[in-house]
Structure formats: structure tokens, C-alpha cells
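# A closer look at the structure
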Amino acid sequence: MNRGSYTTKRRIAKLNDQELEAGVSEKGSWHNDYNDTAFIFIGSLPYNLTEGDILTIFSQYGNPVFIKLARDKETGKSKGFAFLKYEDQRSTILAVDNIDGAVVLGRTLRVDHTYYKNKDDDEELEQAMSFDKPNRRR
């Protein structure tokens, strides 16, 4: 395991434990600095994972509504990082606390809160991933 990732995971766990022991409210948590974004950054992904693979892993902690796997413009190959948006911002806390530092196919994932600015083609993708609005017949 990558020692840096292990150290980061331990540091986050220690910070979370300190908050629990001190009785820090949800609003006082370091996670609250990101309460206005439902996006996470996922780094150090195995290059052969697809968007579907990533959704399978991260849907354990909430309903993903958007994913952008960075790809090389010429080859289309994964660059090893992605941005994912959850339907509910609270899911980001679960993903960061539980998946950061996990090993997938020999690579230690980095997962953290982030801000992400949608591009025009991203809105189309987000709408296509929206499963919560079924077609209604009249």
C-alpha cells in the first residue's frame, strides 16, 4: 500500500474520531466546508475501469447522478481520475470516509470532496443519468 495514502487515511480517521469525541456537530465538521457541493474527486483509478465499474463501487454510498472519467482526447484511454456527483451531498461524506485509501486492482484510491464546474456537454450527460424522473403517461 502507498504509505502516503495510508497516512492520509489515518489522518482523516483521527480527525473524524476527534470530532466524535469532542461532540462536534455536523455543522462543525471539516466535511461541512464542502456542504455546498455533491461532487467528489476520485484519483489513482486503475486505467482499465469504466464509468460503469466506478458507479458500481461508489453507488454503495448513495445515488450517483453524474460521472466524468477523464480520458485522453486522442486515444480515449482513461487518465486515471474522475469526478462523481451524488444526488445527496451527505453521500460524499460516506464515500470520502470509506473509500479513500481503498485498494482496487492494486491501486490505492484517492477520494476527496471537490468543486466541479460542468461543461456544456456535461449537462447532457447528467440529464441522461437522471433515473429519478420516470416517463409518465397521461
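This text follows the structure it describes.
Here goes a summary of the coordinates provided. (Residues numbered from 1 in each chain as written. Predicted model: local features only at pLDDT ≥ 70, side-chain atom pairs only at ≥ 80, totals over all residues. Heavy atoms only, no water.)

All right, on to the overall build of the protein chain then. Helix and strand content of the protein chain: 4 helices and 6 strands. In sequence order, the secondary structure elements of the protein chain are arranged as α-β-α-β-β-α-β-β-β-α. For the protein chain, the proportion of its 138 residues judged to be buried stands at 36%. Taking the contacts inside the protein chain whose residues are at least 6 apart along the sequence as the reference set, 66% of them involve residues at least 24 apart. In the structure as shown, the protein chain presents an accessible area of about 9,300 Å², 47% of it carried by carbon and sulfur atoms. (Helix = DSSP H or I, 4+ residues; strand = E, 2+ residues; numbered from the N terminus. Buried < 20%, exposed > 50% of the residue type's maximum accessible area, 1.4 Å probe, protein only. Contact = heavy atoms within 4.5 Å. Areas by Shrake-Rupley, 256 points an atom, 1.4 Å probe, with all protein chains shown as cover.)

It is worth spelling out the sheet that holds strand S6 (residues 110–114) at this point. Reading across the sheet, the 4 strands line up as S2-S3-S1-S6 and stay open at both edges, with antiparallel pairing between neighbours. Both outer strands of the open sheet, strand S2 (64–71) and S6, are each paired with one neighbouring strand and no more. Each adjacent strand pair in this sheet contributes to an overall mean axis angle of 20°, direction not counted. Sheet topology places strand S1 (residues 39–43) next to strand S3 (residues 78–86); 4 bridges connect them, and they run antiparallel. Across the sheet, Phe 39 pairs through a bridge with Lys 85, a residue of S3. The strands that helix H2 (residues 51–58) touches are S1, S2, S3 and S6; relative to S2, the one it contacts most, it runs at about 135°. Docked against the sheet, helix H3 (residues 90–99) engages S1, S3 and S6, running at close to 155° with respect to S6. (Pairing = 2+ DSSP bridges. Axes fitted to C-alpha atoms, helices over the stretch in contact; angles between N-to-C directions.)

This brings us to the environment of Pro 46. Of note, Pro 46 is situated in the loop between S1 and H2. According to the relative accessible area criterion, Pro 46 is buried, its value standing at 4%. Here the alpha-carbon distance between Pro 46 and Phe 81, two residues 35 residues apart in the chain, equals 8.7 Å.

Structurally, the position occupied by His 31 is in the loop between helix H1 (3–22) and S1. Its relative accessible area of 5% is what places His 31 among the buried residues. In the structure, His 31 is positioned 81 residues away from Asp 112 in sequence and 9.9 Å away in space, judged by C-alpha atoms. Among residues more than four places away in sequence, those in contact with His 31 are Asn 16, Ile 93, Val 96, Asp 97 and His 113.

Let's shift gears to the pattern of salt bridges. Per the counting criterion, the structure on display carries 2 salt bridges. Ionic pairing is found between Glu 51 and Arg 71, a salt bridge with its closest N-O pair at 3.0 Å. With Glu 51 in helix H2 and Arg 71 in strand S2, the pair connects residues that are 20 residues apart, well separated along the chain. For Arg 71, a relative accessible area of 34% puts it in the partly exposed group. Between Asp 88 and Arg 90 there is a salt bridge, with the nearest N and O atoms lying 2.6 Å from each other. (Salt bridge = Lys/Arg side-chain N within 4 Å of Asp/Glu carboxyl O.)

With that settled, the discussion passes to H2. All buried positions along H2 are accounted for by Ile 54, Ile 57 and Phe 58. Projection of H2 onto a plane perpendicular to its axis shows the buried side chains occupying an angular sector of 85°, all on one side. Elements that come into contact with the buried residues of H2 comprise S1, S2, S3, H3, strand S4 (103–104) and S6. (Arc of directions from axis to C-beta.)

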